[in-house]
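Residue-level structure breakdown
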Amino acid sequence: VDIAMVLSRDNKPAAERGGGRMVTRLTPQVDFIGFLTERRDTPLHDPRVRRALGMAIDRALLTEHLLGGATRPASQLSVPGAFGFDPTLAPLPHDPAQARQLLAAAGHADGLRLKMIVTTGEVAGDTVYFQQIGSDLRKVGVEVEIRNRPSTRQLQELFSGNLQGDL
């Protein structure tokens, strides 16, 4: 193999044993979790809930340990160097205590249940990535049911307004 892309950091020892090397590069891509907020009866309609979910996720753990430091936490949907990127914006801090307070203020002190629809198999280790997000949310009282969809179905459901999930 002369070049392979979208490898997991777990592939590095095998590449090195075979005399190869693994080079990590940042790509102009931002992964994000979207909130479906169009229904008024969803807890996600409340901005405090959305902020709490963002603060519950440990982005530093995700980027350092699961992604091998190959990226950094995003603060926006734009990437450095792209039109509209604002370098003054910082990622939300990881603050589970504040997340629990925001959920309580929004009427969810006893927690809530959400459904997260994801696509896996597109990036090495993405299943573990989503499981870690679910674990982080569980720590603040948010139970997340993770459902996997092929990316084509995900897009069809999303753009037709038929995505049966919250995240």
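Residues numbered from 1 in each chain as written. Predicted model: local features only at pLDDT ≥ 70, side-chain atom pairs only at ≥ 80, totals over all residues. Heavy atoms only, no water.

Note that Thr119 resides in the loop between strand E1 (112-118) and helix H5 (126-138). What makes Thr119 buried here is its relative accessible area of 17%. Not counting residues up to four positions away in its chain, the partners in contact with Thr119 are Asp126, Phe130, Asn148, Arg149, Pro150, Ser151 and Gln154. (Helix = DSSP H or I, 4+ residues; strand = E, 2+ residues; numbered from the N terminus. Buried < 20%, exposed > 50% of the residue type's maximum accessible area, 1.4 Å probe, protein only. Contact = heavy atoms within 4.5 Å.)

The subject of this paragraph is the confidence of the model for the protein. Looking at the protein, pLDDT values average 85 and 92% of them are 70 or higher. Highest mean pLDDT in the protein belongs to helix H4 (residues 96-105) (97); lowest belongs to helix H6 (residues 151-160) (83). (pLDDT = per-residue confidence, 0-100.)

Looking now at the nonpolar core. Residues Leu53, Ile133, Leu137 and Val142 are the most contacted members of the largest nonpolar core, which totals 24 residues. Setting aside residues up to four positions removed in sequence, Val142 forms contacts with Leu53, Leu103, Leu112, Leu114 and Leu137. (Core = buried A, V, L, I, M, F, W, Y, C linked by side-chain atoms within 4.5 Å.)

Inspection of the entire model under this criterion finds one aromatic pair. Look at Tyr129 and Phe130: their rings are 5.9 Å apart centre to centre, the planes differ by 80 degrees, and that puts the pair in the edge-to-face class. The same class applies to Tyr129 as to Phe130, namely buried. (Phe/Tyr/Trp six-rings, centres within 6.5 Å; stacked < 30°, edge-to-face > 60°.)

In this structure the tally under the stated criterion is six salt bridges. In this structure, Arg48 and Asp46 form a salt bridge, with 2.6 Å as the shortest nitrogen-oxygen distance. Since its relative accessible area comes to 18%, Asp46 is described here as buried. The partner of Arg147 in a salt bridge is Glu145, and the shortest N-O contact between them spans 2.6 Å. Here Arg147 falls in the partly exposed class, since its relative accessible area comes to 29%. The exposure class assigned to Glu145 is partly exposed, which follows from its relative accessible area of 34%. Ionic contacts of the salt-bridge type, sharing partners, join the residues Arg149, Arg153 and Glu157 into one network. (Salt bridge = Lys/Arg side-chain N within 4 Å of Asp/Glu carboxyl O.)

Next up on the list: the packing of helix H2 (residues 47-56) against H4. Taken N-terminus to C-terminus, the directions of H2 and H4 make an angle of 160 degrees; their axes are 8 Å apart at the nearest point. Classified by the interaxial angle, the pair formed by H2 and H4 is roughly antiparallel. With respect to the hand of their crossing, H2 and H4 are arranged in left-handed fashion. Across from Arg48, Val49, Arg51, Ala52, Met55 and Ala56 in H2, the residues of H4 making contact are Pro96, Gln98, Ala99, Leu102, Leu103 and Ala105. Within the contact of H2 with H4, the residues separate by chemical class into nine nonpolar, one polar and two charged. (Axes fitted to C-alpha atoms, helices over the stretch in contact; angles between N-to-C directions. Parallel < 35°, antiparallel > 145°, perpendicular 65-115°, else oblique. Left-handed = near helix turned anticlockwise from the far one by under 90°. Nonpolar A, V, L, I, M, F, W, Y, C, P; charged D, E, K, R; others polar.)

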